[in-house]
Amino acid sequence: MKGQRGFIGILQQIHFEAPSHGESWLAAAWKHIRRWEELSRQRQQLASMSDEMLKDIGLSRADVMEESERHFWEEPLKK
């Protein structure tokens, strides 16, 4: 599959930011997990939109397919 990587490639892409002052590593990890859940949910919602709705927000079905095939940990604005 295009863009498929092994487990090692996945681990190299996931970068945890250092916890902010007063935040434990567990809280920082939980924050990342919640973000990944949100990204996954948003991508599912985007994929379920009709073509008319996508046109209203300026996206094509191809754009949506590309985004919905991304891994849950991939941030849309970070490349």
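Not measured: the values here are computed from a predicted model.

A few points about the side chain of arginine 43
Moving on, step 1. On the secondary structure map, arginine 43 appears in helix 2 (residues 25-47).
Moving on, step 2. Those residues in contact with arginine 43 that sit more than four places away from it in its chain are Glu67, Ser68, Arg70, His71, Phe72, Glu74, Glu75 and Pro76.

Points about the confidence of the model for the protein
In low-pLDDT regions, the fine details of the predicted coordinates are not to be read closely.
Moving on, step 1. Averaged over all residues, the pLDDT of the protein is 80; the fraction at 70 or higher stands at 73%.
Moving on, step 2. In the model of the protein, helix 1 (residues 7-13) stands out as the element of lowest mean pLDDT, 47, in contrast to helix 3 (residues 51-56), which has the highest, 94.
Moving on, step 3. Segment residues 4-12 is flagged for pLDDT under 50; beyond a separation of four residues in sequence, or across chains, it makes three contacts in the model.

Focus: the side chain of glutamate 67
Moving on, step 1. Assignment of secondary structure puts glutamate 67 in helix 4 (residues 61-68).
Moving on, step 2. For glutamate 67, a relative accessible area of 19% corresponds to the buried category.
Moving on, step 3. If near-sequence neighbours (up to four positions away) are discounted, glutamate 67 is found in contact with Arg43, Leu46 and Pro76.

A short note on the pattern of salt bridges
Moving on, step 1. A full pass over the atoms with the stated rule returns six salt bridges.
Moving on, step 2. One salt bridge in this structure joins arginine 34 and glutamate 37, with 3.3 Å as the shortest N-O distance. Of the two residues, arginine 34 and glutamate 37 both sit in helix 2, three residues apart, roughly one turn of that helix.
Moving on, step 3. You can call glutamate 37 partly exposed: its relative accessible area is 43%.
Moving on, step 4. Residue aspartate 51 is joined to arginine 61 by a salt bridge in which the shortest nitrogen-to-oxygen separation is 2.9 Å. With aspartate 51 in helix 3 and arginine 61 in helix 4, this residue pair connects regions lying ten residues apart in the sequence.
Moving on, step 5. Judged by its relative accessible area of 47%, aspartate 51 falls in the partly exposed class.

Rules and cut-offs
- Residues numbered from 1 in each chain as written.
- Predicted model: local features only at pLDDT ≥ 70, side-chain atom pairs only at ≥ 80, totals over all residues.
- Heavy atoms only, no water.
- Helix = DSSP H or I, 4+ residues; strand = E, 2+ residues; numbered from the N terminus.
- Contact = heavy atoms within 4.5 Å.
- pLDDT = per-residue confidence, 0-100.
- Buried < 20%, exposed > 50% of the residue type's maximum accessible area, 1.4 Å probe, protein only.
- Salt bridge = Lys/Arg side-chain N within 4 Å of Asp/Glu carboxyl O.

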